[in-house]
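One letter stands for each residue in the lines below.
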Amino acid sequence: MKDNCLPEHYRSIFHQLFEHASDLDCSILLLEEILEVGDEKEIPLLEELENCEDLKVSNKAFEVKTKLLQKLGMTTSEKGKKLPMSLCFLYDEFGIRPSHLDPDLNMDFEVSLDIFETE
């Protein structure tokens, strides 16, 4: 019997296993097993785990979801192309800044006002 009141990620057989996973290694092993035996019912669970606070679990869930979609022959949706939210803060966390332009490139994008003059 299907319970339509439950969120989709609760319908995965792995959901209860994740609730009782004792440590990080157990969670990673479960994610690897999802790739081996999982089907389309695991996709919502993997999307939920992509938002996990633990970066290793989040990244592994993203990786497994991508590989599982390929294995099942499903195309990645627009949502699947987005990165997990935890990656948005990596620049600040590791102090990564965009590279600066080399001043020797001499790139000038200024437009002269001569183009507005009519003849």
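Quick notes on the rules
- Residues numbered from 1 in each chain as written.
- Predicted model: local features only at pLDDT ≥ 70, side-chain atom pairs only at ≥ 80, totals over all residues.
- Heavy atoms only, no water.
- Core = buried A, V, L, I, M, F, W, Y, C linked by side-chain atoms within 4.5 Å.
- Buried < 20%, exposed > 50% of the residue type's maximum accessible area, 1.4 Å probe, protein only.
- Helix = DSSP H or I, 4+ residues; strand = E, 2+ residues; numbered from the N terminus.
- Contact = heavy atoms within 4.5 Å.
- Lys, Arg positive; Asp, Glu negative; His and termini not counted.
- Salt bridge = Lys/Arg side-chain N within 4 Å of Asp/Glu carboxyl O.
- Polar contact = N/O pair within 3.5 Å; in protein donor to acceptor, adjacent residues only side chain to side chain.
- Axes fitted to C-alpha atoms, helices over the stretch in contact; angles between N-to-C directions.
- Parallel < 35°, antiparallel > 145°, perpendicular 65-115°, else oblique.
- Expected span 1.5 Å × (residues − 1).
- Arc of directions from axis to C-beta.

Participant: I would appreciate a short explanation of the nonpolar core in the present structure.
Facilitator: One broad rule of soluble globular proteins: the nonpolar side chains tend to lie buried together. Formed by 15 residues in total, the largest nonpolar core has its most connected members in Phe 18, Leu 31, Ile 34 and Leu 46. Breaking this core down by element, the ones donating at least two residues are α2 (24–37), α3 (43–49) and α4 (55–72). Apart from residues lying up to four places away in sequence, Ile 34 is in contact with Phe 14, Phe 18, Glu 42, Leu 45, Leu 46, Val 64 and Leu 68.

Participant: Looking at this structure, how should I read the side chain of Glu 42?
Facilitator: Tracing the chain through its elements places Glu 42 in the loop between α2 and α3. In this structure, Glu 42 is buried with no salt-bridge partner, the nearest side chain bearing the opposite charge being Lys 41 at 7.6 Å. A polar contact is formed between the side chain of Glu 42 and the side chain of Ser 12, at a distance of 2.8 Å. Within the structure, the side chain of Glu 42 is placed 2.9 Å from the backbone nitrogen of Asp 39, a separation counted as a polar contact.

Participant: Help me understand the pattern of salt bridges, please; the structure alone is not making it clear to me.
Facilitator: Working definition: two side chains of opposite charge can pair if their charged atoms are close together. Per the counting criterion, the structure on display carries five salt bridges. Between Lys 65 and Glu 50 there is a salt bridge; the shortest N-O distance is 3.2 Å. Taken together, the residues span a long stretch of sequence, with Lys 65 in helix α4 and Glu 50 in the loop between α3 and α4 at a distance of 15 residues. Judged by relative accessible area, Glu 50 falls into the buried class, the value being 8%. For Glu 63, the salt bridge identified is with Lys 67, shortest N-O distance 3.2 Å. One end of the pair is Glu 63 and the other is Lys 67, both in helix α4 and four residues apart, which spans about a single turn. You can call Glu 63 partly exposed: its relative accessible area is 33%.

Participant: It is not clear to me how the packing of α2 against α4 should be interpreted in this structure. Could you clarify?
Facilitator: Helix-helix packing: each pair is described by the crossing angle between the helix axes and the interaxial distance. Between α2 and α4, whose axes approach to 9 Å, the crossing angle comes to 5°. Here α4 runs roughly parallel to α2, going by the angle between their axes. Across the interface between the two elements, Leu 24, Ser 27, Ile 28, Leu 31, Glu 32, Ile 34, Leu 35, Glu 36 and Val 37 from α2 touch Lys 56, Val 57, Lys 60, Ala 61, Val 64, Lys 67, Leu 68 and Lys 71 from α4.

Participant: Help me out: how do you make sense of the environment of Glu 47 in this one?
Facilitator: Counting through the fold element by element, Glu 47 comes out in helix α3. Between the C-alpha atom of Glu 47 and that of His 9, which follows or precedes it by 38 residues, the distance is 8.2 Å.

Participant: Any chance you could explain α4 here in plain terms?
Facilitator: Residues lying three or four places apart along an α-helix face the same way, a consequence of the helix completing one turn every 3.6 residues. In this model, α4 (18 residues) spans 26 Å end to end at C-alpha, consistent with the 26 Å of a helix rising 1.5 Å per residue. Val 57, Ser 58, Lys 60, Ala 61, Val 64, Lys 65, Leu 68 and Leu 69 are the residues of α4 that are buried. All buried residues of α4 fall inside an arc of 165° around its axis, so they share one side. Residues Lys 56 and Gln 70 are exposed on α4 and point more than 90 degrees away from its buried face. The secondary structure elements touched by the buried residues of α4 are α2 and α3. For α4, the side-chain oxygen to backbone nitrogen distance between the N-cap and Lys 56 is 3.1 Å, and the N-cap itself is Asp 54. Downstream of α4 by one or two residues, Gly 73 has phi in the positive range, about 75°.

These figures capture arrangement, not role.
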